[in-house]
Amino acid sequence: MVLIIGGAYQGKLDYAKAAFSLTPEDIFTCTGLKIDFSKRCVNALEEFCYACVQQSIDPVGYFQSHREGWQDSILICTDLSSGVVPVDPVERRWRHSTGQLCQYLAGQANQVSRIFCGLEQRLK
């Protein structure tokens, strides 16, 4: 599995498309609790985490229980850890759960890349 992280609008998806020859049909973009692990790439994991927070679901537990589905995937998540800590408790939980999921996935990944200004920094 490959984990790609980076700030908003830093070119994570464009990097993944170029580096792994992804077509639009290869990419699933999260908008809620459903993830299509049949796609080669799962984008916007932070949106999945937000839906988990709203429904009191542990995103790490979800990924642990669906491990077979994402072992060969390219997973993309926006880094929410920088900046001012949100005042809203839901947004704080969202930030926390997204960080926990990224920590778990980074530990499981064969490769972890951080994208900044469209440039890759290989972390693992």
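See above for the structure.
Conventions and cut-offs
- Residues numbered from 1 in each chain as written.
- Predicted model: local features only at pLDDT ≥ 70, side-chain atom pairs only at ≥ 80, totals over all residues.
- Heavy atoms only, no water.
- Phe/Tyr/Trp six-rings, centres within 6.5 Å; stacked < 30°, edge-to-face > 60°.
- Helix = DSSP H or I, 4+ residues; strand = E, 2+ residues; numbered from the N terminus.
- Buried < 20%, exposed > 50% of the residue type's maximum accessible area, 1.4 Å probe, protein only.
- Contact = heavy atoms within 4.5 Å.
- Pairing = 2+ DSSP bridges.
- Axes fitted to C-alpha atoms, helices over the stretch in contact; angles between N-to-C directions.

J.: Now, about the packing of aromatic side chains: what can you tell me, with residues and values included?
T.: Applying the stated criterion across every chain yields a total of 8 aromatic pairs. Between Phe37 and Phe63, the ring centres sit 5.6 Å apart and the planes meet at 85°, which makes this aromatic pair edge-to-face. You can see Phe37 sitting in the loop between strand S2 (27–29) and strand S3 (41–43) and its partner Phe63 sitting in helix H3 (residues 59–65), a full 26 residues away along the chain. With a centroid separation of 5.0 Å and an interplanar angle of 50°, the aromatic rings of Phe48 and Tyr62 are classed as tilted. Linking Phe48 in helix H2 (residues 45–54) with Tyr62 in helix H3, this pair joins segments that are 14 residues apart in sequence. We note that Phe48, like Tyr62, is buried. These aromatic residues form a ring-pair network of at least three members: Phe37, Phe48, Tyr62, Phe63, Trp70 and Tyr104.

J.: Any chance you could break down the environment of Cys77 for me, citing the residues and the numbers?
T.: Tracing the chain through its elements places Cys77 in strand S4 (residues 74–78). Relative accessible area serves as the criterion here: at 1%, Cys77 is assigned to the buried category. Note: C-alpha distance between Cys77 and Gly6 (71 residues apart in sequence) is 7.1 Å. Not counting residues up to four positions away in its chain, the partners in contact with Cys77 are Ile4, Ile5, Gly6, Lys12, Leu45, Glu46, Thr98 and Cys102.

J.: Would you mind going over the sheet that holds S4 in detail, with residue names and values included?
T.: Across the sheet, 6 strands lie side by side as S2-S3-S4-S1-S5-S6; this open sheet has mixed pairing. Each having just a single partner strand, S2 and strand S6 (119–122) make up the two edges of the open sheet. Ignoring strand direction, the axes of neighbouring strands in this sheet form an average angle of 25°. With 5 bridges joining them, strand S1 (residues 2–6) and S4 adopt parallel strand pairing. Considered in S4, the bridge of Ile5 is made with Cys77. Against the sheet, H2 touches S3 and S4, its axis set at about 70° to S4.

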